[in-house]
Amino acid sequence: MAWSWRYEGRNGDAVDGPAESFTSQADAESWIGQAWRELAASGVTTVVLVEDDRVDYRMSLQPPAE
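Treat the numbers as computed from the prediction; the structure is a model and nothing was measured. (Residues numbered from 1 in each chain as written. Predicted model: local features only at pLDDT ≥ 70, side-chain atom pairs only at ≥ 80, totals over all residues. Heavy atoms only, no water.)

Trainee: Tell me about the pairing of strand β4 (residues 54-60), and name the residues and values.
Mentor: Here 6 bridges tie strand β3 (residues 46-51) to β4, and the two strands are oriented antiparallel to one another. Paired with Thr46 across the bridge in β4 is Ser60. Between the antiparallel neighbours β3 and β4 lie 2 residues, among them Asp52 with a positive phi of about 55°. (Pairing = 2+ DSSP bridges. Helix = DSSP H or I, 4+ residues; strand = E, 2+ residues; numbered from the N terminus.)

Listed below in structure tokens is the structure:
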């Protein structure tokens, strides 16, 4: 099983990002924990964790609304 991230912009459209592949969900989550600020600064607003072709979950990189 391979885990990877998909990247979405403000309109939910796919945007380019690092094409990393991980052998476990924990490795993928650890990596995003280190990379999310750089991704957000480059225009990524949402990341989608994918296992092979199955979407596991979506996560916003935007700060919570105040």
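Trainee: Account for the side chain of Thr46, with residues named and values stated.
Mentor: Tracing the backbone through its elements, the reader meets Thr46 in strand β3. Assessed through its relative accessible area of 17%, Thr46 is described here as buried. If we ignore the near neighbours within four places in the chain, the residues touching Thr46 are Arg6, Tyr7, Glu8, Arg58, Met59, Ser60 and Leu61. (Buried < 20%, exposed > 50% of the residue type's maximum accessible area, 1.4 Å probe, protein only. Contact = heavy atoms within 4.5 Å.)

Trainee: Tell me about the sheet that holds strand β1 (residues 3-8), residues and numbers included.
Mentor: Strands sit in the order β2-β1-β3-β4 across an open sheet of 4 strands; the sheet is antiparallel. Strand pairing shows two members of the sheet lacking a second neighbour, β2 (21-22) and β4, which therefore form its edges. Inspection of the sheet shows β1 paired to β3 by 6 bridges, in the antiparallel sense. When the bridges of β3 are listed, Tyr7 appears paired with Val47. Contacts from helix α1 (residues 25-41) reach β1, β2, β3 and β4 within the one sheet, and its direction differs from that of β1 by about 30°. (Axes fitted to C-alpha atoms, helices over the stretch in contact; angles between N-to-C directions.)

Trainee: Now, about the packing of aromatic side chains: what can you tell me, with residues and values included?
Mentor: Scanning all chains against the criterion turns up 2 aromatic pairs. When the centroid spacing of 6.1 Å and the interplanar angle of 80° are considered together, the rings of Trp5 and Tyr57 count as edge-to-face. Of this pair, Trp5 sits in strand β1 while Tyr57 is found in strand β4, placing the two residues 52 residues apart along the sequence. By relative accessible area, which is 5% here, Trp5 ends up buried. (Phe/Tyr/Trp six-rings, centres within 6.5 Å; stacked < 30°, edge-to-face > 60°.)

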